[in-house]
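Descriptive analysis of the structure
As a plain string of letters, each chain reads:
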Amino acid sequence: MTRQARRLGFFVDSASCSGCKACAMACRDKNNLPAGVRWRRVYEVSGGGWRREGEAWAQDLTVYNLSIACNHCEKPLCLDGCPARAIEKREDGIVLIDRDKCLGCRYCEWTCPYGAPQFDESAGVMTKCDLCADLIERGEQPACVRACPMRALDFGEVEELRAKHGATAEIHPLPGAEMTEPSLVIKPHRDAARAAEKPGSFVKNKEEI
């Protein structure tokens, strides 16, 4: 049997993420990102409230954090939407932007359902997470994974991550995985299923760094 090509991706343990944003800061520092460009974002999903039950009060509060970067999708819409063909997908699944070819048209930004491509206004081109390909080639971990104090992030071959942690790539409020087949494995927070039942009650608060 022929072994499938290596496909690298991220694991996110939403149940353990504290929302400290060490991953986002490590990404920014490693890649020297300008203000406003965020290759990794940490979202807070919150909702619910208090209700009166007879003489007592009960709550159904829900709060959890979600760290997301480029998911290096199996079917990257950013690649399909780039008129300059500045985006490529390597054999190991890593999706890259060639800054020398990029027109700065921002089509990839509009087509990506995860908000991964980020426009660098000073350079006039699109940028995005490259899964720290340079570090991986040296046998090191991506900067965000290495920085997480809660060990809520990991990376590796997607099939191995799925075998170890489970197969889901979906959690509220991310889009359905069938859209792009992201190279992402998620351990959902225990409140994620309840959050999905009342999507109108939950908000995503993005950090500003």
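These lines cover the structure that appears in this document, whether it is placed above or below. (Residues numbered from 1 in each chain as written. Predicted model: local features only at pLDDT ≥ 70, side-chain atom pairs only at ≥ 80, totals over all residues. Heavy atoms only, no water.)

This part covers the overall build of the protein chain. The helix and strand tally for the protein chain stands at seven helices and 12 strands. Here the protein chain has a C-alpha radius of gyration of 18 Å; the compact-globule value for 209 residues is 17 Å, and the two agree. A principal-axis box enclosing the C-alpha atoms of the protein chain has dimensions of 65 × 45 × 30 Å. Counting only residues that meet the buried cut, the protein chain has 47% of its 209 residues in that class. The long-range share in the protein chain, meaning contacts at least 24 apart out of those at least 6 apart in sequence, stands at 63%. Working note: accessible area of the protein chain is about 11,100 Å², and carbon and sulfur atoms make up 48% of it. Counting 30 positive and 31 negative side-chain charges, the protein chain places the averaged centre of each group 2 Å from the other. (Helix = DSSP H or I, 4+ residues; strand = E, 2+ residues; numbered from the N terminus. Rg over C-alpha atoms; globule rule 2.2 N^0.38 Å. Buried < 20%, exposed > 50% of the residue type's maximum accessible area, 1.4 Å probe, protein only. Contact = heavy atoms within 4.5 Å. Areas by Shrake-Rupley, 256 points an atom, 1.4 Å probe, with all protein chains shown as cover. Lys, Arg positive; Asp, Glu negative; His and termini not counted. Charge placed at Lys NZ, Arg CZ, Asp CG, Glu CD.)

A separate point is the sheet that holds strand β10 (residues 153-157). Spatially, three strands are ordered β10-β1-β11 in an open sheet, and the strand pairing comes out mixed. Edge positions in the open sheet fall to β10 and β11 (184-187), since each of these has one partner strand only. The sheet shows a mean angle of 20° between the axes of neighbouring strands, taken without regard to direction. Strand direction decides the pairing type here: strand β1 (residues 8-13) and β11, joined by four bridges, are parallel. Paired with F11 across the strands is V185, a residue of β11. On top of the sheet, helix α6 (residues 158-165) reaches β1, β10 and β11; it is set at about 125° to β10, its chief contact. (Pairing = 2+ DSSP bridges. Axes fitted to C-alpha atoms, helices over the stretch in contact; angles between N-to-C directions.)

These figures capture arrangement, not role.
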